[in-house]
2 protein chains.
Amino acid sequence: MAKAVVPEEARRRRRPTRQGTVLSEKLIVETALRMVREHGSAGLSARRLGAALGADPSTLYRYFEGMDGLTLAMGEELIGRALAGWAPTGRWRDDLRALGLRIHGAYLAHPQAALLTTSRVTGRPREIAADEAILGILRGAGFGDEDAVRIYHAYIDQSLAFAALDAGPLALTDEARASDEERWESTYARLPADDYPNIAATAGLLASRMPHSAYPVALEMLLETAERQLADAGD
Amino acid sequence: MAKAVVPEEARRRRRPTRQGTVLSEKLIVETALRMVREHGSAGLSARRLGAALGADPSTLYRYFEGMDGLTLAMGEELIGRALAGWAPTGRWRDDLRALGLRIHGAYLAHPQAALLTTSRVTGRPREIAADEAILGILRGAGFGDEDAVRIYHAYIDQSLAFAALDAGPLALTDEARASDEERWESTYARLPADDYPNIAATAGLLASRMPHSAYPVALEMLLETAERQLADAGD
DNA sequence: AGTTAAGGTCAATGGTGTTGGCATAAGACC
DNA sequence: GGTCTTATGCCAACACCATTGACCTTAACT
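The structure displayed is predicted, hence computed values, not measured ones.

1. Some remarks on the confidence of the model for chain A
Close inspection of predicted coordinates is inappropriate in any region flagged by low pLDDT. Put simply, chain A has an average pLDDT of 88, and 93% of its residues get 70 or more. Across chain A, the secondary-structure element scoring lowest on mean pLDDT is helix 5 (residues 111–117) of chain A, at 77, and the one scoring highest is helix 4 (residues 92–108) of chain A, at 95.

As structure tokens, then:
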């Protein structure tokens, strides 16, 4: 193999590129995340990333095993950012709400990475830390182990699932996204009331609500049911 | 514009390709779904689809507005399959549960297509039919328009979001999927109880529950909250 | 039978990820 | 400080990709 990826710790020679930048895994991941954020997921390509870094595209392959590897590294970084600076308050429902919105938000800030990352179990430190924290909140609130695991599962998967779903539109080209959003007004608002009475009756509400994420509502509904189950069990 | 897409109904001339196939929107979508199922989502390209159909890639642009349009059509087909043969019972909670599981299941049957499709608004007939049906169930149950739309939004997005999330692992190679699943036993079950008391206490439950979809549980929690809100409003 | 244009094909454009070979300078060693 | 090794960046090339415009054939309507 002519090109083997060298682990970051083992790098010794830091040779600047022709344009003067000194590369590192960290710099590359951060630049990639910034590009995705600023120019949409279509804006990220080996060539453009190389150009942004002032380096030849092929140089990236000295740091990551292809664009997939780079994307996974971006996902790792996102988990870290979601948890950074978070501290529990002791009120379980508030804590779960805040944590959920943080995770959802961190992924949404980088849709491209979110799409490729959310359904993988990495087993890496920061993912484990998040799981431990959530289970701790639930068990601390008084849920039995069985209930805690059941709710934890629904909670974490729902958070990731909505992150991926909501990331979808953001990962599209501006054009495709605009046309999707507009569809609620251009198509749904014009359906004949005879054939589609329910859509017609709620067209205005739909058009204003659908382009936004349903995650907060779904999260609240989940927490509501959990709280009630806790109360019922306590009786 | 040299190439305008002609709507399926308006097509009159059915000229066979050089290799003898007679194209149609239906045939193309079905072939695309089959390709995605057999070769993964990366296996779908205009060139390969053209080859599979025995037609020049550019011919596809007479039927769809680019690959994006084809993707939307695939999503529409999946929704249609979910709805086919379904009939409401009149018990709203049962109906929503059954419909949700159907949609979830239809997408999971084509994991790679689900990943491409779930976050798109197609505005095509069968998607509209599904939306009309769901809104009808909710409004028929007695929910006010505002509540109906809020719950509809959370409900449909939750179904699609879990479909996409659960499709992720299925879209992986058998190898990668097995290693992801095994990670609950190989990594999580072996964490030191001192550092990770909550994971350690529930390791067995986690390993048995996590590899399965959380959708049914999450759906039930959503329906539970909805029912309670309906009861509260009725007082 | 003649006309029209739908619906095929071909060729070209400018993008993509990725790889093998090469050159050069960074750091180790004497 | 001089020399050597090799890590790391660069270049050129490959095989794909979506998409478009020009062209041609022939089915279907008059």
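2. Topic: the packing of helix 6 (residues 125–141) of chain A against helix 7 (residues 145–171) of chain A
Residue and element names in this part refer to chain A. In the contact formed by helix 6 and helix 7, the axes pass within 9 Å of each other and the chain directions differ by 130°. It follows from the interaxial angle that helix 6 and helix 7 lie oblique. When you trace helix 6 past helix 7, the crossing you get is right-handed. In contact with D131, I134, L135, L138 and R139 of helix 6, helix 7 contributes D145, A148, V149, I151, Y152, Y155 and I156. In the contact of helix 6 with helix 7, the residues fall into nine nonpolar, no polar and three charged.

3. Focus on the relation of the copies chain A and chain B
Mapping chain A onto chain B is achieved by rotating through 178° and translating by 0.6 Å along the same axis, at an RMSD of 2.0 Å. Taken together, the rotation angle and the small translation identify this as a two-fold axis. A shared binding surface is used by both copies, with 100% of the interface residues of chain A retained as interface residues in chain B.

4. A look at the side chain of T117 of chain B
Examined against the element boundaries, T117 of chain B turns out to sit in helix 5 (residues 111–117). Under the relative-accessibility criterion, T117 of chain B is labelled buried at 5%.

5. Examining the domain arrangement of chain A
All names here are of chain A. By the assigned domains, chain A splits into domain 1 (1–64) and domain 2 (88–234). In this complex, domain 1 contributes five residues to the contact, which on the side of domain 2 involves five residues. Buried area between domain 1 and domain 2, summed over both chains or domains, comes out near 550 Å², and the portion from carbon and sulfur atoms is 62%. Looking at the side of domain 1 facing domain 2, the largest losses of area belong to L33, R37 and S41, adding up to 66% of the total buried there. At the surface where domain 1 touches domain 2, the tally comes to one residue pair in polar contact (both at pLDDT 80 or more).

6. Details of the pattern of salt bridges
Residues and elements named next belong to chain A. Enumeration according to the criterion identifies 29 salt bridges over all chains in this entry. Across the pair R97 and D94 runs a salt bridge whose closest N-O atoms are separated by 3.0 Å. Highlighted residues: R97 and D94, both in helix 4, separated by three residues, approximately one helical turn. Judged by its relative accessible area of 28%, D94 falls in the partly exposed class. Notably, a salt bridge pairs R150 with D147, separated by 3.0 Å at the nearest N-O pair. Placement of both R150 and D147 in helix 7 is noted, with a separation of three residues, approximately one turn of the helix. A relative accessible area of 16% means that R150 is categorised as buried.

7. Focus on the interface of chain A and chain B
Tallying the contact residues gives 60 residues for chain A and 62 residues for chain B. Regarding the contact of chain A and chain B, the summed buried area is about 5500 Å², with carbon and sulfur atoms giving 67% of it. In this assembly, chain A and chain B are joined by one salt bridge. The partner of R120 of chain B in a salt bridge is D180 of chain A, with the nearest N and O atoms 2.8 Å apart. Counting across the interface, chain A meets chain B through 20 residue pairs in polar contact (both at pLDDT 80 or more). Only helix 6, helix 7, helix 8 (174–186), helix 9 (197–209) and helix 10 (215–234) of chain A provide two or more residues apiece to the side of chain A that touches chain B. Counting residues per element, the side of chain A that touches chain B draws most heavily on helix 7 of chain A, at 17 residues.

Each value, and the rule that gives it
Residues numbered from 1 in each chain as written. Chains lettered and ligands numbered in written order. Predicted model: local features only at pLDDT ≥ 70, side-chain atom pairs only at ≥ 80, totals over all residues. Heavy atoms only, no water. pLDDT = per-residue confidence, 0-100. Helix = DSSP H or I, 4+ residues; strand = E, 2+ residues; numbered from the N terminus. Axes fitted to C-alpha atoms, helices over the stretch in contact; angles between N-to-C directions. Parallel < 35°, antiparallel > 145°, perpendicular 65-115°, else oblique. Left-handed = near helix turned anticlockwise from the far one by under 90°. Contact = heavy atoms within 4.5 Å. Nonpolar A, V, L, I, M, F, W, Y, C, P; charged D, E, K, R; others polar. Least-squares fit on C-alpha atoms with pLDDT ≥ 70 in both. Buried < 20%, exposed > 50% of the residue type's maximum accessible area, 1.4 Å probe, protein only. Domains from an automatic or database assignment. Buried area = accessible area lost by both parts, 1.4 Å probe. Polar contact = N/O pair within 3.5 Å; in protein donor to acceptor, adjacent residues only side chain to side chain. Salt bridge = Lys/Arg side-chain N within 4 Å of Asp/Glu carboxyl O.

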